[in-house]
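# Coordinate inspection notes
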Amino acid sequence: MRSIRSFGNDDRHVMAKHSTIYPSSEELEAVQNLVSTVECALKNVSDWMDEINKTPLQREGADEEKEIKNEDSAESNTNDQSCGTLCGVLRIGLVAKGLLIKADMDLELVLMCREKPTETLLCTVCDNLPVQIQKLTEDKYEVEKCLNEAAIMVCNTKDPKLTLKVILTSPCLREDMDNKEEENVALKDPADLLDRQKCLSALASLRHAKWFQARVNGLKSCVIVLRILRDLCNRLPTWEPLKGWPLELICEKALATCNRPLGAGEALRRVMECIASGILLPGGPGLHDPCEKELTDTLSKMTAQQGEDITQSAQHALRLLAFGQIYKVLEMDPLPTNKPSQKYSWADREGTALKRPYEDGSGDDKDLIKKMKRNIRKILDSKAIDTNQPMNALMRLNQIRPGLQYKLLSQSGPVHAPVFTMSVDVDGTIYEASGPSKKTAKLHVAVKVLQAMGYPTGFDTDMDSMSADEKSDGEGKNETVPTNSSNNTANSTTDSSNTLEVRTQGPILTASGKNPVMELNEKRRGLKYELISESGGSHDKRFVMEVEVDGQKFKGAGPNKKVAKASAALAALDKLFSGPNAAGIKKKKIIPQTKGAVATAASVAAQVARGRGRVALPRGAFVSAAAAPGYVTPGYGTPYGYSAAAAAPAYGLPKRMLLLPVMKFPTYPVPHYSFF
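Residues numbered from 1 in each chain as written. Predicted model: local features only at pLDDT ≥ 70, side-chain atom pairs only at ≥ 80, totals over all residues. Heavy atoms only, no water.

Let's shift gears to the sheet that holds strand 3 (residues 141–146). Reading across from one edge, 1-2-5-4-3 is the order of the five strands in this open sheet, with mixed pairing throughout. With partners counted over all chains shown, the strands left at the sheet margins are strand 1 (86–92) and strand 3, one partner each. Put simply, the sheet's adjacent strands are angled 20° from each other on average, direction ignored. Contacting strand 1, strand 2 (107–113), strand 3, strand 4 (151–156) and strand 5 (163–169), helix 2 (residues 25–53) runs over the sheet at an angle of about 170° to strand 1. (Pairing = 2+ DSSP bridges. Helix = DSSP H or I, 4+ residues; strand = E, 2+ residues; numbered from the N terminus. Axes fitted to C-alpha atoms, helices over the stretch in contact; angles between N-to-C directions. Contact = heavy atoms within 4.5 Å.)

For the rest of this paragraph, the subject is helix 11 (residues 245–256). With twelve residues, helix 11 extends 16 Å from end C-alpha to end C-alpha; this agrees with the ideal 16 Å at 1.5 Å per step. Where burial is concerned, most of helix 11 is hidden: ten out of the twelve residues are buried. For helix 11, the set of buried residues is Trp245, Pro246, Leu247, Glu248, Leu249, Ile250, Cys251, Glu252, Ala254 and Leu255. On its buried face, helix 11 sits against helix 5 (93–97), helix 9 (196–215), helix 10 (222–235) and helix 12 (264–276). (Expected span 1.5 Å × (residues − 1). Buried < 20%, exposed > 50% of the residue type's maximum accessible area, 1.4 Å probe, protein only.)

The next thing to look at is the sheet that holds strand 6 (residues 406–412). Strand pairing in a sheet takes place through backbone hydrogen bonds and is either antiparallel or parallel in direction. The strand order across the open sheet built from three strands is 6-7-8, with neighbouring strands paired in antiparallel fashion. At either margin of the open sheet sits one strand with a lone partner, and together these are strand 6 and strand 8 (429–435). Between one strand and the next, the sheet's axes are offset by a mean angle of 20°, whatever the strand orientation. Strand direction decides the pairing type here: strand 6 and strand 7 (residues 419–426), joined by six bridges, are antiparallel. Bridge pairing in strand 7 places lysine 407 opposite serine 423.

Within the protein chain, residue pLDDT values average 74, and 65% of them lie at 70 or more. Overall, residues 341–354 carries pLDDT values under 50, and its contacts beyond four positions in sequence, including any with other chains, amount to five contacts. Taken together, the stretch residues 587–606 has pLDDT below 50 and engages in 22 contacts with residues farther than four places along the chain or on a different chain. (pLDDT = per-residue confidence, 0-100.)

Attention shifts here to the nonpolar core. Nonpolar side chains in soluble globular proteins generally cluster together in the buried interior. Core analysis: the biggest nonpolar cluster contains 99 residues, and Ile152 and Leu242 have the highest contact counts within it. Formed by 16 residues, the second largest nonpolar core is a distinct cluster that contains Val547, Val549, Leu576 and Phe577. (Core = buried A, V, L, I, M, F, W, Y, C linked by side-chain atoms within 4.5 Å.)

Attention shifts here to the pairing of strand 4. Summarising burial for strand 4: six of the six residues are buried, a large majority. Burial of strand 4 is two-sided: the residues Ala151, Met153 and Cys155 facing one way and the residues Ile152, Val154 and Asn156 facing the other way are all buried. Inspection of the sheet shows strand 3 paired to strand 4 by six bridges, in the antiparallel sense. The partner of glutamate 142 across the bridge, within strand 4, is cysteine 155. Turn length for the strand 3-strand 4 hairpin, with the two strands adjacent in sequence and antiparallel, is four residues, and the turn residue alanine 150 shows positive phi of about 55°. Of the strand pairs in this sheet, strand 4 and strand 5 are connected by five bridges, and their pairing is antiparallel. The partner of methionine 153 across the bridge, within strand 5, is lysine 165. Here strand 4 hands over to strand 5 after six residues, the two strands then running antiparallel side by side.

When helix 20 (residues 516–523) is considered as a whole, its buried residues turn out to be Pro516, Val517, Glu519 and Leu520. Within helix 20, the buried residues cover an arc of 165° as seen down the axis, which keeps them to one side. Against strand 11 (529–535), strand 12 (542–549) and helix 21 (561–576) lie the buried residues of helix 20. Among the residues of helix 20, the N-terminal cap falls to asparagine 515, whose side-chain oxygen and the backbone nitrogen of valine 517 are separated by 2.9 Å. (Arc of directions from axis to C-beta. Polar contact = N/O pair within 3.5 Å; in protein donor to acceptor, adjacent residues only side chain to side chain.)

For the rest of this paragraph, the subject is empty space enclosed by the protein. Taken as a whole, this structure holds one cavity of 30 Å³ or more when the rule is applied. In terms of lining residues, the largest cavity is bounded by Ile228, Leu229, Leu232, Arg235, Leu268, Met272, Val329 and Leu330. Counting only elements with at least two residues in the lining of the largest cavity, the list comes to helix 10, helix 12 and helix 14 (326–330). It is helix 10 that provides the largest number of residues to the lining of the largest cavity, a total of four residues. (1 Å grid on protein atoms, 1.4 Å probe; cavity = no way out; pocket = protein on both sides within 12 Å on 5 of 7 lines; lining within 4 Å. Points joined across faces, edges and corners; volume = space filled by probe spheres on them.)

Structure below.
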């Protein structure tokens, strides 16, 4: 398993490569202008053809409908449009999927026809399209018809030069294939019908675009990895057979089956592992097309030799990734490391190495934590950041590091739900995040940077640890009072009857870093907290809780019940278990509440143990073989397949069982990787 730091290095290289192959803003603007202009012009062509095809009676009826404006006008317009020769124009291919890269700008549109498209219809549209384009814009475009491709080619004359392919097709062709009446279909087809296979391929591309928008746009880093692999297919002829729809299916399957979002570098490695596993080899599982009704393998056109060559290339790329040489896979220069070179004081000026002085590393971690806390405290106390004013992560990062430049990496997703990906370079490290708008994406990037630098991201994160009722009870009720060094919280004594009131932000902790209620519960079990009083208005509540410990009552006050409960527990801990009082108080033993012979046997065993002179351990109490059911799991030691009542234990119960307290270890995020 590779470390997270190595994946971070891969992410930097992948994003750097992505920035070089992603189209510039001028190219994207030219694509948008060309596609939108042709779409509007085709709509005008459709209206022009509908007007020509109308009979004189229909024209008179249309004029009368224009004069009479009523509620039924909208329905009549929709009916006229549905009966038109051209039904609509849709985007397919790289334009619809957002996979455009430099030197690979294939632009495609589909023009849906009500009837089967013919050469006559194509020529009519091609002749009238330049006229409609001139009405919309002053830019000059070249329009040519291509009967072999069943399409119309539209080219611009300005730089960058782009070519848009408009393919004519109709759903009637798909219905004929479903009926499977080839002889009758051939007789019904018009004489000048366009190439049927080209039209069916356009319908398939339309299904692929809809599937891509529904499944792939929601996967993190999938679009970025697809652009990187498309560039790889353009650079290496070995990968050319995999370019297009098969590559998109493999990336979606590889990343959608992972149980967590992946970075760009790790996502690229996972796709390479999937290809290197042998799915392209003869006898492999193949690649099912989810957009076809019948079982179709998208790799059927790939030969066995091509599959072996791509698998071998993917395995070689995996070896380079394992040795940290991803820059060779991407064909780019290695990026410099983020760590600056350290110049040690014991090094000679001429460069000869000297012995490093002896250092005791026992307190390095503690010193580092203290230094981080000190730096955070300085930042919070400085005049540049006022903690009393609400400030989001973007404003906080701008005050810490002014002048950062945010860049738009990509824009994907449909028009009604776009996804923007922004990035920022901080000391050579590139951070990226996505969001439904550019502002939200920049905010997410700023949160990532602040978390990586160890700075607070805002006041909203302090309230995330509280529950919903605590947020409603304690919001806006925290005040700042002098702090106490024993527990890092602000305590104020309201009276002399063991009452403690806490008014501060954040969780209340003891000197050992635990919750006061939990620590008091470890020392004294079964304590009950009672609500004594509740005062104040709806905007400034004050609760007082009371707990009785060893015959003494302790009170705590706070803006909500949880804080008041923690304050009461903290007062009990300070009074009974700190200072000179803690030495004379011993931890009480836990005696299970049992009845009858079981309780008698337990008490007799305890007396015998004390009579032999054995000192009881302070960690827990001894329990005899006839202990209460709450201490020993039912069926302990029973052979597999039998119950505790039906058979004797296989290896018996220990005569003495020591109950030790449960040790709590800090949890750290352990990365989990699962590949197929």
